Amino acid sequence: MTGPSFVTLPYLLIRHELRLLASLWLWTVRRTHGAVAGGSVFGYARGQGAMMFGFAFVCVVESVMMSVLLRGRPAVHHVVLVLDVYTVLFVVGLHAASVVRPHVLDPAAGTLRIRRAVHVDVRIPLERIASVRRELRTTHAPADGELDLAVGSQTSVTVELAEPVAHVSFFGRRREVRVVRCHADDPGALVRAVEQAREGYAVP
C-alpha cells in the first residue's frame, strides 16, 4: 500500500499537533477524552510517566546549556530556543495524550476502544472478542494480524478476536488485525470488565 501523498502529509502532521495541544488542555482541566455515561475507562500511562518527565527534564537542561553556548549569537539562540521549547511541549503533550485518552469500555454501544495517545484508536465490537486475558509480555515480534501497543516496552492484556477489525495507522495505512495486545495500569480490572460486558455479546 502506498504511503501518504504530499497533500495529506501536512494535514496529518497538523492534526497530530492540534490533538497534542488539545490533550494538554484536557490534562490541565482534568478531563478525559472519549469517556461515556455508563462506560468505564482504563488508564495505561502510569508506567511511562517517569520516563517521559525524565526525557522532558533532559530537554530543559539541554535548552539551558545551549542558551549559554549561543549567548553571543542571538539569532541562532532564538531559533534553537523555539525548537527546544517545542520539543518539551511535544514530550509533555505525548504523556498528556496518554493520560486523557484511556481505553474505554462502552457496554451500551457494545464496543471496547483500545488507544495509545493520539496515534492509535481501535474500536472492537464486543461480539468479535473470542477471549481476553491478562498476559504480561516484554517482547513483541512483528506478526501479520497482530497489533502490539506496548507502554514502557510491555503489554499486559491480550485480546483475541473471532473476526478481524481494521486498524488504520498514523499515515492512513489500513490492515486487519485478529490479536490486540495493550497495556493497562490495572489489567485485571480491564479483563474482568470486558468479560462481564461481553456476556450479552459472547461469540457462540
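Enquirer: A description of the packing of aromatic side chains should follow, citing residues and the corresponding values.
Expert: What the rule picks out here adds up to one aromatic pair. Ring geometry for Tyr86 and Phe90: centres 6.1 Å apart, planes at 35°, overall tilted. Pair noted here: Tyr86 and Phe90 are both in helix α3 (residues 74-100), with a separation of four residues, about one helical turn. On the accessibility criterion, Tyr86 (42% relative accessible area) is partly exposed. On the accessibility criterion, Phe90 (26% relative accessible area) is partly exposed.

Enquirer: Run through the environment of Phe171, naming residues and quoting values.
Expert: Looking at the secondary structure, you find Phe171 in the loop between β7 (155-168) and β8 (174-182). As for Phe171 and Gly38, which are separated by 133 residues in sequence, their C-alpha atoms are 33 Å apart.

Enquirer: Account for the packing of helix α2 (residues 49-69) against α3, with residues named and values stated.
Expert: The description of two helices packed together rests on the angle between their axes and the distance between the axes. The N-to-C vectors of α2 and α3 enclose an angle of 175°; their axes lie 9 Å apart at closest approach. The orientation of α2 relative to α3 falls into the category roughly antiparallel. Seen from α2, the contacting residues are Gly49, Met52, Phe53, Phe55, Ala56, Cys59, Val60, Glu62, Ser63, Met66 and Ser67; seen from α3, they are His77, Val80, Leu81, Asp84, Thr87, Val88, Val91, Val92, Leu94 and His95. Split by residue class, the contact of α2 with α3 holds 13 nonpolar, six polar and two charged.

Enquirer: Any chance you could break down the nonpolar core for me, citing the residues and the numbers?
Expert: Counting residues in hydrophobic clusters, the biggest one holds 26 residues, and the most contacted among them are Leu105, Leu112, Ile124, Ile129, Val157, Val159 and Leu190. Of all the secondary structure elements, the ones that give two or more residues to this core are β3 (111-116), β4 (120-125), β5 (129-137), β6 (146-149), β7, β8 and α4 (187-197). Per element, the largest residue contribution to this core is six residues, and it comes from α4. Setting aside anything within four residues of it in sequence, one finds Leu190 in contact with Phe42, His103, Leu112, Val157, Cys182 and Ala184. Counting residues in each nonpolar core, the second largest holds eleven residues, with Ala56, Ala97, Ala117 and Val118 among its members.

Enquirer: Tell me what's going on with the layout of surface pockets, and back it up with residues and numbers.
Expert: Quantified by volume, the largest pocket comes out at close to 320 Å³. Along the wall of the largest pocket there are 21 residues; nearest its centre are Arg19, Val118, His119, Asp121 and Val168. Mapped by element, the contributors of at least two residues to the lining of the largest pocket are α1 (8-28), β3, β4 and β7. Split by residue class, the lining of the largest pocket holds eight nonpolar, six polar and seven charged.

What counts and what doesn't
In this numbering scheme, every chain counts its residues from 1 along its sequence in written order. Where local features are concerned, this predicted model is filtered to residues with pLDDT of at least 70; where side-chain atom pairs are given and counted, the filter is 80 or more; whole-chain, interface and lining totals use all residues. Where side-chain values are given, they derive from all heavy atoms of the structure, hydrogens and water being excluded. Classification of ring pairs rests on two measures: the distance between centres of Phe, Tyr or Trp rings, Trp counted by its six-membered ring, which must be within 6.5 Å, and the angle between planes, read as stacked under 30 degrees, edge-to-face over 60 and tilted in between. Comment: elements are numbered from the N terminus, with helices defined as DSSP H or I runs of at least four residues and strands as E runs of at least two. Any residue under 20% of the maximum accessible area for its type is buried, any over 50% is exposed, and the rest in between are partly exposed; the area is computed with a 1.4 Å probe on protein chains only. In this description, a line fitted to the C-alpha atoms serves as the axis of each element, helices being fitted only across the stretch in contact, and the angle between N-to-C directions of two axes falls anywhere from 0 to 180 degrees. Angles below 35 degrees are treated as roughly parallel, those above 145 as roughly antiparallel, those between 65 and 115 as roughly perpendicular, and all remaining angles as oblique. Note on contacts: a residue pair is in contact if any heavy atoms of the two residues lie within 4.5 Å. Just so you know the grouping, Ala, Val, Leu, Ile, Met, Phe, Trp, Tyr, Cys and Pro go in nonpolar, Asp, Glu, Lys and Arg go in charged, and all remaining residues, Gly too, go in polar. The definition of a nonpolar core used throughout is a set of buried Ala, Val, Leu, Ile, Met, Phe, Trp, Tyr and Cys residues joined through side-chain atoms within 4.5 Å. With a 1 Å grid laid over protein atoms only, a set of points is called a cavity when a 1.4 Å probe fits there but cannot get out and a pocket when it is open yet has protein on both sides within 12 Å along at least five of seven lines; lining residues have an atom within 4 Å of a point. Grid points are joined across faces, edges and corners, and a volume is the space filled by probe spheres set on the points.

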